[in-house]
Amino acid sequence: RLFELDSDSLKYRNMLACAVGGQGRYGEAEKLHRQCLEARKNALGEAHPSTLTSIDCLATAVQNQARYREAEKLYRQCLEARKNALGEVHPDTLASIGNLALALDGQSRYGEAEELYRQCLETMKNALGETHPYTLGSINNLATAVLIQGRYGEAEELLRQCLEAE
């Protein structure tokens, strides 16, 4: 089938899945992401960046349905593959760390999520600088994880860093 080999068709299908998911139709988005993932695996291989993006998108669709353990498994798979293919400091790898942390948050595993947020933040500070928007987003994510654990003073300090950097 053309869909399985044509990268533009795969790209469009992926974007359609994102658009459907953006409307809250997560089951339909999941189905489209699974189709895209299988086609990309077959056409491009398991470690291709586009295949890894499909795994990440599928994990998000699953997570949006509150299936956090399943999303965690997919995010871990994507993270390990991205580390191997792209390296530890690539933006996609760092995004995978943050996404995995969100899946852990959804399971009330705040301490584990916090560790990942801290890891992501330190790497972003070193790679992108203290005031880069991605770094500030990581500070905000960490502040949220700290806040939910009742450490309000620490959360305040982190959030003030964000405000001062803008």
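For the structure itself, look to the data block above.
Caption draft 1: Representation of the overall build of the protein within the structure. Helix and strand counts for the protein stand at 9 helices and 0 strands. Written out in order from the N terminus, the α and β elements of the protein read α-α-α-α-α-α-α-α-α. Taken over the C-alpha trace, the protein has a radius of gyration of 17 Å; the compact-globule value for 166 residues is 15 Å, and the two agree within 12%. Seen through its C-alpha atoms, the protein measures out along the principal axes to roughly 55 × 30 × 25 Å. Going through the 166 residues of the protein one by one, you find that 38% of them count as buried. For the protein, long-range pairs separated by at least 24 residues make up 46% of all intrachain contacts whose partners lie at least 6 apart in sequence. Per element, the accessible surface of the protein, about 8,900 Å² overall, is 50% carbon and sulfur. Averaged over its 19 positive side-chain charges, the protein has a centre that lies 7 Å from the centre of its 24 negative ones.

Rules behind the numbers
What you see as residue numbers is a count from 1 along each chain, following the sequence as written. Per-residue local features are limited, in this predicted model, to residues with pLDDT of at least 70; the limit for side-chain atom pairs, both in listing and counting, is 80 or more; totals at the level of whole chains, interfaces and linings are taken over all residues. Side-chain metrics rest on all non-hydrogen atoms present in the structure, leaving aside hydrogens and water. Secondary structure elements follow DSSP: runs of H or I no shorter than four residues count as helices, runs of E no shorter than two count as strands, and numbering proceeds from the N terminus. The size measure is the radius of gyration over C-alpha atoms, and the globule rule it meets is 2.2 Å times the number of residues to the 0.38 power. For every residue, the accessible area (1.4 Å probe, protein chains only) is compared with the maximum for its type, and the residue is labelled buried under 20%, exposed over 50%, or partly exposed between those bounds. The contact criterion used is simple: two residues touch if any of their non-hydrogen atoms lie within 4.5 Å. Each accessible area is a Shrake-Rupley estimate made with a 1.4 Å probe; only the visible protein chains count as cover when residues are assessed. All tallies of charge rest on Lys and Arg as positive and Asp and Glu as negative; His and the ends of each chain are not included. In plain terms, the charge of a residue is placed at NZ if it is Lys, CZ if Arg, CG if Asp and CD if Glu.

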